[in-house]
Amino acid sequence: MSKTEPSNSLAAVTAAANQAPKSGKGGRGLPPVHLWHPDHCGEIDIVIRADGVWMHEGSPIGRAELVRLFSTVLRLDPDGYHLVTPVEKLKITVDDLPFRAVTMTRDGDDLVFTTDVGDETRAGPDHALTVATDPVTGEPAPRIHVRADLEARIVRPVFYDLVEMAEVRDGRLSIRSGGVWFPLGPPGAGVE
């Protein structure tokens with residue numbers, strides 16, 4: 001793949017993402033996608049479904065390592081979600097949110113969420129936990145900020161765990177993490 005002839009193939013994006021410099025110790029961590037501003041190269045037929053499955057050309061991407069790799073070069077720009085490398089920027093489709101928070105643990109007073117792509121997020125002032133109401137179903141639609149402008153949908157079993165741990169404060173069911181109280185909804189929220 002050259003800078004003058006970008007390709008929207010899965011192989012080209014994979015190769016570029018593998019070549020991208022990583023931050024952190026020993027080359028591990030997330031690439032600095034916020035610093036990359038390549039020309040927009042079009043779209044690639046990748047869809048992240050609401051259930052967290054990454055699809056390419058209508059088929060699930062079966063390799064968890066490949067999904068993780070793509071998740072590290074994902075960025076939300078004003079015109080939508082993109083896979084970004086130093087030389088390419090390809091728009092993808094995200095049906096709901098790009099990630100799903102599939103587990104949650106307590107670490108002291110903090111809540112630590114793990115996403116379906118392996119990111120860990122500690123809820124607090126820099127990683128807000130918010131609950132909106134789905135306009136169609138009226139159900140709670142909880143989410144947690146993961147990184148940059150990317151968020152994870154908190155899956156139903158994890159939300160039920162949050163509700164079980166919550167307490168009523170100022171007439172709202174709330175939970176504390178990272179020194180911050182996060183409202184979950186009215187008492188009885190999320191409970192059938």
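None of the values given here were measured: they were computed from a predicted structure. (Residues numbered from 1 in each chain as written. Predicted model: local features only at pLDDT ≥ 70, side-chain atom pairs only at ≥ 80, totals over all residues. Heavy atoms only, no water.)

### Some details on the side chain of R153
Okay, step 1: The residue R153 is located in strand β12 (residues 150-154) in this model.
Okay, step 2: In terms of polar contacts, R153 uses its side chain to reach the side chain of D96, at 2.9 Å.
Okay, step 3: Residues contacting R153, with those up to four places away along its chain left out, are D96, L97, F99, R100, A101, A141, P142 and R143. (Helix = DSSP H or I, 4+ residues; strand = E, 2+ residues; numbered from the N terminus. Polar contact = N/O pair within 3.5 Å; in protein donor to acceptor, adjacent residues only side chain to side chain. Contact = heavy atoms within 4.5 Å.)

### A word on the nonpolar core
If you look at soluble globular proteins, the nonpolar side chains tend to sit buried side by side.
Okay, step 1: Counting residues in each nonpolar core, the largest one holds 44 residues, and the members touching the most others are W54, L74, I92, F113, I154 and L162.
Okay, step 2: Filtering out sequence-adjacent residues up to four positions away, I154 remains in contact with A101, F113, L129, P142, R143, I144, F159 and L162. (Core = buried A, V, L, I, M, F, W, Y, C linked by side-chain atoms within 4.5 Å. Buried < 20%, exposed > 50% of the residue type's maximum accessible area, 1.4 Å probe, protein only.)

### Some thoughts on the layout of surface pockets
Okay, step 1: Size it by volume and the second largest pocket reaches roughly 200 Å³.
Okay, step 2: Lining the second largest pocket are 13 residues, with V33, H34, R75, A148 and D149 positioned closest to its centre.
Okay, step 3: A per-element tally of the lining of the second largest pocket places strand β4 (residues 74-77) first, with 4 residues.
Okay, step 4: Here the residues of the lining of the second largest pocket sort into 7 nonpolar, 2 polar and 4 charged. (1 Å grid on protein atoms, 1.4 Å probe; cavity = no way out; pocket = protein on both sides within 12 Å on 5 of 7 lines; lining within 4 Å. Points joined across faces, edges and corners; volume = space filled by probe spheres on them. Nonpolar A, V, L, I, M, F, W, Y, C, P; charged D, E, K, R; others polar.)

### A closer look at the sheet that holds strand β15 (residues 180-185)
Okay, step 1: Sheet architecture is open: 3 strands sit in the order β13-β14-β15, paired in antiparallel fashion. The outermost strands of the open sheet, each flanked by one partner alone, are β13 (167-169) and β15. Shown here is a sheet whose adjacent strand axes are inclined to one another by a mean of 55°, direction ignored.
Okay, step 2: Relative to β15, strand β14 (residues 172-177) runs antiparallel, the two being bridged by 5 bridges. Note that in β15 the partner of S174 across the bridge is P183. (Pairing = 2+ DSSP bridges. Axes fitted to C-alpha atoms, helices over the stretch in contact; angles between N-to-C directions.)

### Here's the deal with the packing of aromatic side chains
Okay, step 1: This model, assessed by the stated rule, comprises 0 aromatic pairs.
Okay, step 2: The ring of W181 has R169 lying over it, and the distance from NZ or CZ to the ring centre is 4.2 Å. (Phe/Tyr/Trp six-rings, centres within 6.5 Å; stacked < 30°, edge-to-face > 60°. Lys NZ or Arg CZ within 6 Å of the ring centre and 35° of its normal.)

### Some points on the confidence of the model for the protein
Okay, step 1: Of all residues in the protein, 83% attain a pLDDT of 70 or more, and the chain-wide mean is 87.
Okay, step 2: Scored below 50 in pLDDT, residues 1-6 shows 7 contacts in the model against residues more than four places distant or in partner chains.
Okay, step 3: Under a pLDDT of 50 for its full length, residues 23-27 has, in the predicted model, 4 contacts with residues more than four places off or in other chains. (pLDDT = per-residue confidence, 0-100.)

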